[in-house]
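# Descriptive structure summary
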Amino acid sequence: MKIEQIYTGCLAHAAYYIENNGEAAIFDPLREVQPYIDRATKDKAKIKYVFETHFHADFVSGHLDLAQKTGAKIVYGPTAKPQFEAIVAQDNDIFEVGNYKIKVLHTPGHTMESTTYLLIDENGDDQGIITGDTLFIGDVGRPDLAQHVIEDLTEEKLAGLLYDSLHNKILPLADHLIVYPNHGAGSACGKKMSKETTDTLGHQKETNYALQPMEKQEFIKQLLTGLTPPPGYFPKNVLMNIQVYESIDKVMEKAKVPLSPEAFEAAANETGALVLDTRNAEEFAKGFIPNSINIGLDGNFAMWVGEMIPDIKQKILLVCDEGKEEEAMIRLSRVGYDNTIGYLDRGFNNWKYAHKEIDKVNRIDARELASKMNKSPLIFDVRKKSEFDSEHVVGAQNIPLNQINSHLAELPKDKAFVLHCAGGYRSMLAASILKARGWDNFVDVRDGFKGIQETNIAVTEYVCPTTLL
């Protein structure tokens with residue numbers, strides 16, 4: 001069976017493309033749809049359907065643009081109520097793509113409309129299941145997201161429905177089927193996802209903790225243990241996916257505005273736009289526009305934008321490495337940040353050449369920090385609580401990056417301190433926030449906890465993170 005996984009690492013997202021006999025279908029597409037159109041064109045195929053496994057929370061889907069540009073029909077599972085033209089399928093409905101068949105299996109639990117699609121080849125044989133966020137490799141979908149959109153739902157009710165879906169719809173299927181999930185490790189839609197992005201259902205039955213024999217109440221308890229609050233942008237992305245949103249072509253047209261340093265400065269002052277610097281942490285530290293925030297394209301950019309910029313409608317001005325501007329705009333739009341109003345033409349060097357004001361962040365290596373440990377420096381670790389609890393510098397304090405804005409009072413302005421994360425990406429984001437808020441009495445550890453582990457700095461005894469869930 002011809003099926004291709006189209007994986008986007010920075011979002012830990014998998015879309016799927018199937019084609020047979022001149023007809024194609026796309027499952028869970030990202031916002032920028034041209035790559036899917038190009039893929040079908042290569043096969044001389046017409047995209048017939050856009051299948052959605054559910055209303056996604058962690059990204060804005062490309063279903064509307066893809067349907068508009070290709071004439072494809074959008075398909076959701078039972079109970080979905082999209083505010084645009086779409087087919088709302090019934091359980092066990094079958095759709096044809098060439099000589100392939102796609103069978104609808106309603107699997108509520110992650111969300112009420114969550115649906116798994118059973119793939120049947122031209123010979124009538126079952127080949128795989130596209131599971132969305134119902135079943136991952138090593139995990140299942142968290143059941144607490146839909147309740148942030150639909151008030152009368154509880155995570156306990158959804159977890160119970162997920163148990164039923166797994167036991168009544170997924171586990172009875174044949175072991176040889178290939179599981180094609182919507183996400184891999186790094187996504188916030190689960191807590192124990194594997195780095196592998198496909199597997200056989202039989203192997204998952206053996207190894208996935210959520211598929212082991214247990215009573216429903218035990219399943220609910222295990223599923224709800226260790227859940228952290230979802231990123232704040234998740235409910236906003238769900239609503240965008242339910243409703244009608246602006247075409248990415250129009251979003252990009254508004255964003256692709258090169259600005260001279262003078263025009264950039266004026267735009268920032270006149271609009272209140274956030275200056276978002278997407279260069280890597282080391283380059284940012286050497287010099288940046290005062291009050292700008294650093295979220296580097298070389299990390300989990302879209303996720304941290306969603307975590308740290310609370311207003312999805314915030315106007316944004318970009319500072320990028322030359323040639324990276326369009327990539328930044330697309331990655332912002334993937335999570336619904338559609339109000340980029342321009343970028344600094346020719347990047348930060350142009351700002352320097354114009355003799356505009358710049359700011360810097362002091363960085364040190366872990367070895368240099370080790371040489372200062374006899375003075376008992378105040379250390380703030382901005383990694384996740386689970387990372388900190390697993391292993392940390394003795395005496396360090398933990399303020400997870402996504403909570404830093406609500407814990408600023410804990411950071412002194414009259415005493416020097418040290419910031420670090422795992423490898424320097426998150427701590428520079430924290431540093432940029434602190435700089436913008438008036439802190440100037442800290443240093444950032446360039447190589448983070450990974451570097452610290454290679455020194456003689458005392459750290460706590462290691463505890464496996466999975467035992468902390």
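Above this text sits the structure in question.
Here the structure is a predicted model, which is why all the values come from computation and not from measurement. (Residues numbered from 1 in each chain as written. Predicted model: local features only at pLDDT ≥ 70, side-chain atom pairs only at ≥ 80, totals over all residues. Heavy atoms only, no water.)

The next point concerns the sheet that holds strand β1 (residues 3-8). Read across the open sheet, the six strands follow the order β1-β2-β3-β4-β5-β6; overall the sheet is mixed. The sheet terminates laterally at β1 and β6 (87-88), the two strands that pair on one side only. The sheet contact formed by strand β3 (residues 23-27) and strand β4 (residues 46-51) spans five bridges and is parallel. The partner of A24 across the bridge, within β4, is I47. (Pairing = 2+ DSSP bridges. Helix = DSSP H or I, 4+ residues; strand = E, 2+ residues; numbered from the N terminus.)

Time to look at the packing of helix α10 (residues 301-308) against helix α15 (residues 425-436). Running from N to C, α10 and α15 cross one another at 35 degrees; their axes reach a closest spacing of 13 Å. The two elements α10 and α15 meet at a crossing, and its hand is right-handed. Contact with α10, carried on its side by F301, W304 and M308, involves Y425, R426, L429 and I433 of α15 and no other residues of that element. Here the contact of α10 with α15 is composed, by residue class, of six nonpolar, no polar and one charged. (Axes fitted to C-alpha atoms, helices over the stretch in contact; angles between N-to-C directions. Left-handed = near helix turned anticlockwise from the far one by under 90°. Contact = heavy atoms within 4.5 Å. Nonpolar A, V, L, I, M, F, W, Y, C, P; charged D, E, K, R; others polar.)

Once that is clear, we can look at the pattern of salt bridges. By the definition in use, this model includes 29 salt bridges. Of the charged contacts, one joins R39 and E4 as a salt bridge, the two residues approaching to 2.4 Å between their closest N and O atoms. Residue R39 is located in helix α1 (residues 34-42), and its partner E4 is located in strand β1; the two are separated by 35 residues in the primary sequence. Residue class for R39 comes out buried when judged on its relative accessible area of 16%. Using a relative accessible area of 26% as the deciding quantity, one classes E4 as partly exposed. Residue K256 is joined to E326 by a salt bridge in which the shortest nitrogen-to-oxygen separation is 3.5 Å. Linking K256 in the loop between α7 (248-255) and β13 (258-259) with E326 in helix α11 (residues 325-334), this pair joins segments that are 70 residues apart in sequence. Residue K256 is classed as partly exposed on the basis of its relative accessible area of 42%. By relative accessible area, E326 is classed as partly exposed at 41%. Several salt bridges share partner residues, and in doing so they unite K2, E4, E19, R39 and D43 into one network. (Salt bridge = Lys/Arg side-chain N within 4 Å of Asp/Glu carboxyl O. Buried < 20%, exposed > 50% of the residue type's maximum accessible area, 1.4 Å probe, protein only.)

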